[in-house]
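Descriptive analysis of the structure
Read off the chains here:
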Amino acid sequence: MSWVLDLQGVRVRRETTMILDGVDWQVAEGERWVILGPNGAGKTTLLQLASTRMHPTAGSVEILGERLGGVDVFELRPRIGLASAALADLIPRGETVRDVVLTAAYGVTGRWTEAYEEFDEDRARDLLAAFGVDTLADRRFGTLSEGERKRVQIARSLMTDPELLLLDEPAAGLDLGGREELVAALAELAGDPASPVLVLVTHHPEEIPPGFTHLMLMRDGGVLQAGPVEEVMTSQNLTEAFGVPLEVSHDAGRWTARAAR
Ligand SMILES: Nc1ncnc2c1ncn2[C@@H]1O[C@H](COP(=O)(O)OP(=O)(O)OP(=O)(O)O)[C@@H](O)[C@H]1O
Ligand SMILES: [Mg+2]
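Residues numbered from 1 in each chain as written. Chains lettered and ligands numbered in written order. Predicted model: local features only at pLDDT ≥ 70, side-chain atom pairs only at ≥ 80, totals over all residues. Heavy atoms only, no water.

As a further point, take the overall build of the chain. Looking only at helices and strands, the chain features nine helices and 12 strands. Its C-alpha atoms give the chain principal-axis dimensions of about 55 × 45 × 35 Å. Counting every position in the chain, which comprises 261 residues, the buried fraction comes to 49%. Once local pairs closer than 6 in sequence are excluded, the contacts in the chain between residues at least 24 apart make up 59%. (Helix = DSSP H or I, 4+ residues; strand = E, 2+ residues; numbered from the N terminus. Buried < 20%, exposed > 50% of the residue type's maximum accessible area, 1.4 Å probe, protein only. Contact = heavy atoms within 4.5 Å.)

Rendered as structure tokens:
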């Protein structure tokens, strides 16, 4: 069995703090993962490892069959899509939406003098349409609403047709309608067998799209539980992860949590 992600005994230390400590995680072809946990749990750090933006202090990280440390990360990166607030900050505000998506083909965030193939132009247009933002193609990225920006970022992260797609809090800052539209778009992505392996980071069970198969609960730089969503998403586990008494419920493929009565 070859894993899409295989982390063994991973530690990340910054100064005197262990921000990830003893993380084991295996992700197989076809799986759709949610990583849920409170602020500071280590979720973004984990995605930074999985996207080759960081190396572990100890332990091993294998991505798409390649071991971090023994591979040229610039060869691996086009195979991995990433959408995160940190990456969004690198996108020039004056760039057109079309170019924001198109420049991903070259792994850059600002259009310079690259020549793009018609094939790339078509793919960028299709991806913008898939996320309902094709009418914004000529707008400047900096003029978009938060929700429009999130959708453009996800379209951008799919531009290289990655085998692994990592989304760090894609619904953060969206209003209720925007969140629900994004959840629906991600549910559709999750249900398509041609989609890459998906990993979605969030703080809220309400943001888990139907069709996501696995859940990791993180706390204090460690994995509390990981496995099929239905097994891991219990009131007891969520209470332990967030450190407050919580009650979980599940209805029509969606999850909610609130303070236990
Ligand atoms: N360079 C650094 N030096 C010291 N501490 C760091 C550094 N980078 C991250 N940390 C700490 O590591 C912990 C985990 O950070 P991380 O960003 O991975 O958490 P997170 O689960 O994504 O949190 P959030 O939900 O708030 O985004 C935090 O306590 C953070 O302050
Ligand atoms: Mg984070």
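Back to the write-up after that little detour.
Grouped together as the largest cluster of nonpolar side chains are 47 residues, with contacts concentrated most on Leu 128, Val 152, Leu 215 and Met 233. Sorting elements by how many residues they give to this core places helix H7 (residues 176-191) first, with five residues. Formed by 33 residues, the second largest nonpolar core is a distinct cluster that contains Val 10, Leu 49, Val 71 and Ile 80. (Core = buried A, V, L, I, M, F, W, Y, C linked by side-chain atoms within 4.5 Å.)

In the vicinity of ligand 1 there are 13 residues, among which Gly 40, Lys 43, Thr 44, Thr 45 and His 203 approach most closely. For ligand 1, an oxygen atom lies 2.8 Å from a polar atom in the backbone of Gly 40. When isolated, ligand 1 has an accessible area of 650 Å², and the protein chains bury 60% of it. In terms of residues, the shell around ligand 1 owes the most to one element, helix H1 (residues 43-50), which gives three residues. Residue composition of the shell around ligand 1, grouped by class: three nonpolar, six polar and four charged. (Near = heavy atom within 4 Å. Polar contact = N/O pair within 3.5 Å; in protein donor to acceptor, adjacent residues only side chain to side chain. Areas by Shrake-Rupley, 256 points an atom, 1.4 Å probe, with all protein chains shown as cover. Nonpolar A, V, L, I, M, F, W, Y, C, P; charged D, E, K, R; others polar.)

Burial within H1 is extensive, with six of its eight residues counted as buried. Taken together, the buried positions of H1 are occupied by Lys 43, Thr 45, Leu 46, Leu 47, Leu 49 and Ala 50. Just downstream of H1, Thr 52 is the residue with a positive phi angle, here 65 degrees.

If you check helix H6 (residues 146-157), its first and last C-alpha atoms are 17 Å apart, about what 12 residues at 1.5 Å a residue would give, namely 16 Å. Most of H6 is tucked away, with 10 of its 12 residues classed as buried. For H6, the complete set of buried residues consists of Gly 147, Arg 149, Lys 150, Arg 151, Val 152, Gln 153, Ile 154, Ala 155, Arg 156 and Ser 157. Close packing links the buried residues of H6 with strand S6 (80-83), helix H3 (85-88), helix H4 (97-102), helix H5 (118-130), strand S7 (164-168) and H7. (Expected span 1.5 Å × (residues − 1).)

Counted according to the given criterion, the structure contains one aromatic pair. Ring geometry for Trp 25 versus Trp 33: centroids 5.6 Å apart, planes at 80 degrees, classification edge-to-face. By the burial criterion, Trp 25 is buried, and Trp 33 matches it. In this structure, Arg 77 is placed above the aromatic ring of Phe 74, and the distance from its NZ or CZ to the ring centre is 4.9 Å. A cation over an aromatic ring shows up here: Arg 149 above the ring of Phe 141, its NZ or CZ 5.7 Å from the ring centre. (Phe/Tyr/Trp six-rings, centres within 6.5 Å; stacked < 30°, edge-to-face > 60°. Lys NZ or Arg CZ within 6 Å of the ring centre and 35° of its normal.)

The next point concerns unusual backbone geometry. The backbone of Glu 15 sits at a positive phi, close to 50 degrees, despite the residue not being glycine. Exposure remark for Glu 15: the relative accessible area of 74% places this residue in the exposed category. Within the chain, Thr 52 stands out as a residue other than glycine whose phi angle is a positive 65 degrees. Tracing the backbone shows Thr 52 in the loop between H1 and strand S4 (58-63). We classify Thr 52 as buried; its relative accessible area is 2%.

What follows concerns the sheet that holds S6. In space, the six strands of this open sheet follow the order S6-S7-S8-S3-S9-S10, with mixed pairing throughout. Edge positions in the sheet fall to S6 and strand S10 (222-228), since each has one partner strand and no second. When strand polarity is set aside, the average angle formed by the axes of neighbouring strands in this sheet is 15 degrees. Packed on one face of the sheet, H1 meets strand S3 (32-36), S6, S7, strand S8 (197-202) and strand S9 (214-219) and runs near 155 degrees to S7. (Pairing = 2+ DSSP bridges. Axes fitted to C-alpha atoms, helices over the stretch in contact; angles between N-to-C directions.)

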